[in-house]
Amino acid sequence: MSKTVEIKHNVYTFTWWVKWVSSIIILFAMMIRASQLSPFIDSILSFIGCLGWLIVGLRWRDRAIIILNTAAVIILALGIINHFVGIIS
């Protein structure tokens, strides 16, 4: 006996747009990282993408997405702050 699980997500909702835009932003950040163009722009784009996924995780109430992206947002924010202030060694 096999069970079929059908998951249906609404399309073109706020969460749907945030999920896809954030994913595309993170892909651009990874391309910049791989080409070693600008670590700062990579950090900014990664921060925006992870912040978007944090919003998605909160709306979906998905703890794994929330925990991962909360940590990523904090780490990336500290790196961005350090870029401007330079107090973290």
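All residue numbers refer to position in the chain's written sequence, counted from 1. Reporting in this predicted model follows two pLDDT cut-offs: at least 70 for local features of residues, and 80 or more for side-chain atom pairs to be given and counted; totals over whole chains, interfaces and linings ignore these cut-offs and use all residues. Side-chain descriptors were evaluated using all non-hydrogen atoms of the structure, hydrogens and water having been removed beforehand.

Engineer: Could you clarify how one ought to interpret the nonpolar core in this entry?
Structural biologist: Most often, soluble globular proteins keep nonpolar side chains buried together rather than apart. Counting 5 residues, the largest nonpolar core is built from C50, L54, A72, V73 and L76. Of all elements in the fold, only α2 (39-60) and α3 (63-85) reach the threshold of two or more residues within this core. Per-element accounting of this core gives the leading share, 3 residues, to α3. Whether two residues are in contact is decided by their heavy atoms, any of which lying within 4.5 Å being enough. The contacts of C50, once residues within four sequence positions are left out, are I26, N69, A72, V73 and L76. By nonpolar core is meant a set of buried Ala, Val, Leu, Ile, Met, Phe, Trp, Tyr and Cys residues that side-chain atoms within 4.5 Å join together. For the exposure calls, accessible area comes from a 1.4 Å probe over protein chains only, and a residue counts as buried if that area is under 20% of its type's maximum, exposed if over 50%, partly exposed in between. Numbered from the N terminus, helices here are DSSP runs of H or I no shorter than four residues, and strands are runs of E no shorter than two.

Engineer: Which parts of the structure should I look at to understand the environment of L45?
Structural biologist: Structurally, L45 can be placed in helix α2. Judged by its relative accessible area of 22%, L45 falls in the partly exposed class. Residues L45 and L27, 18 residues apart in the sequence, show an inter-C-alpha distance of 9.1 Å. Beyond its immediate stretch of four places on either side in the chain, L45 contacts I25, F28, A29 and I32.

Engineer: I keep staring at the pattern of salt bridges and nothing clicks. Help me out?
Structural biologist: Side chains bearing opposite charge may pair, as long as their charged atoms lie close to each other. Salt bridges are counted wherever a side-chain nitrogen of Lys or Arg sits within 4 Å of a carboxyl oxygen of Asp or Glu. Taken as a whole, this structure holds 1 salt bridge when the rule is applied. Here D42 and R33 are joined by a salt bridge, their closest N and O atoms 2.9 Å apart. The class of D42 is buried, set by a relative accessible area of 10%. Exposure remark for R33: the relative accessible area of 44% places this residue in the partly exposed category.

Engineer: Quick question: what am I supposed to make of a nonpolar patch on the surface here?
Structural biologist: Residues with no salt bridge and a relative accessible area higher than 30% make up the patches, which join like charges within 9 Å and nonpolar side chains (Val, Leu, Ile, Met, Phe, Trp, Tyr) within 5 Å. Here the Shrake-Rupley method, with its probe set to 1.4 Å, supplies the accessible areas, and only the displayed protein chains count as covering residues. Side chains of I74, L78, I81, F84 and V85 sit close together on the surface and give an oily, nonpolar patch of about 500 Å² of accessible area. Inspection of the secondary structure puts L78 in helix α3.

Engineer: Looking at this model, I keep getting lost on the packing of aromatic side chains. Mind explaining?
Structural biologist: Within a pair of aromatic rings, the relevant descriptors are the distance that separates the centres and the angle that separates the planes. Two rings belonging to Phe, Tyr or Trp (six-membered ring only in the last case) form a pair when the distance between their centres is within 6.5 Å. Interplanar angles under 30 degrees mark stacking, angles over 60 mark edge-to-face geometry, and anything in between is tilted. A complete count under the given rule lists 6 aromatic pairs for this structure. An angle of 90 degrees between the planes, with centres 5.5 Å apart, marks the rings of F40 and F84 as edge-to-face. Taken together, the residues F40 in helix α2 and F84 in helix α3 connect sequence positions 44 residues apart. Take F40: its relative accessible area is 25%, and that puts it in the partly exposed class. Ring-pair connections join several aromatic residues into one group, and the members of that group are Y12, W16, W17 and W20.

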